[in-house]
Amino acid sequence: MNANNGGMAVAVAENSASAHELRRSLSWVDVFFVASGVPALVLFSVGALADQVGTPSCLVWLASVMMGFSRAFTYAEISGLFPDKAGGASVYGSIAWLPYSKFIAPLSVWCNWIAWTPILSIGTCLIAGYILTSFFAPDAAVMTWQYVIADVGWLRDGLTIRLNATFFLGAAILIGIFTAQYFGISKAAKIIIMLSLTGLLPLTVVSLVPLISGDVVMSNLTPFVPKSGAWDMEGIGVFLGGMYVAAWTTYAFETCVCYTREFKDPQQDVIKSLVRSGILCIVMFALVPFAFVGALGVAGVSRPDIVDGSGVGMTLANLVHGGPIITMAIIMMLILAISLAVMTSMAGSSRTLYQASVDGWLPRYLSHVNSHGSPTFAMCTDLVFNLMLLMMSDYMVVILASTCGYIIFNFLNLQSGWIHRLDSSHIKRAFRAPNWLLGLNSCLGFVNLSFMGVAMAELGFNNIITGLLICLLIIPVFIFRHYVQDHGVFPTSTAEASDVDEERTKHAGILPYMALAAGAFTVLGCYKLFS
């Protein structure tokens, strides 16, 4: 049977893509440990960001994670509207945009996935690099051999698609993590808890020991000016460009809301896991970069192996001054910390694909769930996509492009908070953010877009445009699903979430469209201002 809600066709019939469903088997403690992999993401770009920004990179990390903590309360509110949905904030935000545009809604979900999934390839690439540099000299055959498939230097200088030891070792690690999650998130959560306890320890140690031992000296943090040399327009542009890069890492603990459908008590567990994970991230993102830059100085963080990430693990381990055995133990634990981040990403990004398929945004095959309650076809899609990314010789181009998607996702979802308030005021909320905080977070969405505009000017126009083009790939994908597979009719889950009973009306009027126009103006204006 079909129903029509404001011109939107919906199918009131069960989606039969899979006989299995996600299971309510998680507590907030389980998800807290899943999200505790997020602090390890600092290892991905702490060197590159310090080299880009200079001594104020410490402030970049702290300011960025505080912005991420603020927006988490908007995500907690909108996730409470849909306790039976998985997939994260983008899934809940897309429902707010659906009455206003069929194409904006799936864009939000797609951008979220584009932002999350590269953690798999980047993380396993770092792990492989840590292992190889620990056992082989830089000039060893295994370190220097590579087979170049294509030169894509037009995108970023020196970028190639290649096969080397890092690819093969990273692929093996990635397949191992996939296997661990195949048997269900509740079983994987036990592995994740063990990884969390051992993985957070080295990050804590390498942050506190330099502070206690006196290796962090103020002379390494002065002058406290951007790398350009002054707090002028150029310096501010460098700083804001750093905020763009950091956002990909520091906002990521919002992954807690990906498991709303699997929480035993979603009404309470979502906000508990978000707040506690946010506090953990604030502490770690404040300590690790401060100790890193304070101990090494700008000259130290500008070393090539620090900038590309391969030498970050060894450098942090050496700050402890514990001898070769302790150093190797810390490196092994850092590897576990990154493994935890990769597991966190696979669990969250695959659930985004799963729910997007259930809701009619992405192809049907992604909604398959195995007998263990894992979205295996979505996980396979993550796996194959990241095996291709593993072949890229410079992962910073991946971070810059995926951050573009993350900024767009955050903007759309922070606006969805007030759209839901206006259009779904009749729905009871388990958590209700204060009005001032909801408004502040909406403004932070525009602040994020300003970072994107500055990044276009400071970090390379091609990098950001590539990210925008990747984001726009959702249009043909959605057209295939909605008009070819579903014949223009949305599945039941979208119908229920959109209130087919017609209680939901477009009270926001033209405001969402005005927000989109203002967002585009913000990006272009900041690009022109800092060009």
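Relevant structure appears above.
Parameters at a glance
Residues numbered from 1 in each chain as written. Predicted model: local features only at pLDDT ≥ 70, side-chain atom pairs only at ≥ 80, totals over all residues. Heavy atoms only, no water. Helix = DSSP H or I, 4+ residues; strand = E, 2+ residues; numbered from the N terminus. Rg over C-alpha atoms; globule rule 2.2 N^0.38 Å. Buried < 20%, exposed > 50% of the residue type's maximum accessible area, 1.4 Å probe, protein only. Contact = heavy atoms within 4.5 Å. Areas by Shrake-Rupley, 256 points an atom, 1.4 Å probe, with all protein chains shown as cover. Lys, Arg positive; Asp, Glu negative; His and termini not counted. Charge placed at Lys NZ, Arg CZ, Asp CG, Glu CD. Patch = residues over 30% accessible without salt bridge, like charges linked within 9 Å, V, L, I, M, F, W, Y side chains within 5 Å. Salt bridge = Lys/Arg side-chain N within 4 Å of Asp/Glu carboxyl O. Expected span 1.5 Å × (residues − 1). Phe/Tyr/Trp six-rings, centres within 6.5 Å; stacked < 30°, edge-to-face > 60°. Lys NZ or Arg CZ within 6 Å of the ring centre and 35° of its normal. Axes fitted to C-alpha atoms, helices over the stretch in contact; angles between N-to-C directions. Left-handed = near helix turned anticlockwise from the far one by under 90°. Nonpolar A, V, L, I, M, F, W, Y, C, P; charged D, E, K, R; others polar. Parallel < 35°, antiparallel > 145°, perpendicular 65-115°, else oblique.

Attention now moves to the overall build of the protein chain. In terms of regular secondary structure, the protein chain is built from 21 helices and four strands. For 531 residues, the compact-globule estimate of 2.2 N^0.38 gives 24 Å, and the C-alpha radius of gyration of the protein chain, at 22 Å, lies within 12% of that figure. Considering the protein chain as a whole, with its 531 residues, one finds that 61% of them fall into the buried category. Considering only contacts within the protein chain whose residues lie at least 6 apart along the sequence, 83% involve residues at least 24 apart. Just so you have it, the protein chain exposes about 19000 Å², and 69% of that area is on carbon and sulfur atoms. Across the protein chain, the mean location of the 25 positive side-chain charges is 6 Å away from that of the 29 negative side-chain charges.

With that settled, the discussion passes to unusual backbone geometry. With an omega of -5 degrees, the peptide bond between threonine 222 and proline 223 qualifies as cis. Inspection of the secondary structure assignment puts proline 223 in the loop between α9 (185-213) and α10 (233-250). Not every positive phi belongs to a glycine, and histidine 487 is a case in point at roughly 55 degrees. Tracing the backbone through its elements, the reader meets histidine 487 in the loop between α19 (474-485) and α20 (492-497).

Right, let's get into a nonpolar patch on the surface. A cluster of nonpolar side chains, Phe103, Leu469, Leu472, Ile475, Ile479, Phe480, Tyr483 and Val484, forms an exposed patch at the surface whose accessible area comes to about 700 Å². The element contributing the most residues to the nonpolar patch is α19, with five residues. Topologically, tyrosine 483 is positioned in helix α19.

Attention now moves to helix α15 (residues 376-389). An α-helix turns once per 3.6 residues; consequently, residues spaced three or four apart project the same way. Spanning 14 residues, α15 covers 20 Å between terminal C-alpha atoms, matching the ideal 20 Å at 1.5 Å per step. Among all positions in α15, only Thr376, Ala378, Met379, Thr381, Asp382, Leu383, Asn386 and Leu389 are buried. Here the buried face of α15 lies against α5 (104-116), α6 (118-135), α8 (165-182), α14 (323-358) and α16 (396-423).

Further remarks concern the packing of aromatic side chains. Taken as a whole and assessed by the stated rule, the structure comprises 17 aromatic pairs. Taken together, a centroid distance of 5.2 Å and an interplanar angle of 45 degrees make the contact between tryptophan 113 and phenylalanine 385 tilted. Taken together, the residues span a long stretch of sequence, with tryptophan 113 in helix α5 and phenylalanine 385 in helix α15 at a distance of 272 residues. A relative accessible area of 26% places phenylalanine 385 in the partly exposed class. Members of the aromatic cluster, joined through ring pairs, are Tyr75, Tyr251, Tyr406 and Phe409. Geometry around tyrosine 251 places arginine 71 over its ring, the cationic atom sitting 4.1 Å from the centre. Its end group placed over the ring of tryptophan 28, arginine 276 keeps NZ or CZ at 4.5 Å from the ring centre.

Glancing now at the packing of α6 against α8. In a packed pair of helices, the relevant descriptors are the angle between the two axes and the axis-to-axis distance. Where α6 meets α8, the axes come as close as 8 Å, and the angle between the chain directions of the two elements is 115 degrees. The element α6 and its partner α8 pack so that their crossing is right-handed. Of α8, the residues touching α6 (which contributes Leu120, Thr124, Cys125, Ile127, Ala128, Ile131 and Leu132) are Ala165, Thr166, Leu169, Gly170, Ile173 and Leu174. Here the contact of α6 with α8 is composed, by residue class, of ten nonpolar, three polar and no charged.

Axis separation between α5 and α14 bottoms out at 9 Å; the angle between their running directions is 160 degrees. In terms of their interaxial angle, α5 and α14 are classed as roughly antiparallel. Relative to α14, α5 is oriented so that their crossing is left-handed. For the pair formed by α5 and α14, the contact residues are Val109, Asn112, Trp113 and Trp116 on the first element and Thr344, Ser345, Ser349, Thr352, Leu353 and Ala356 on the second.

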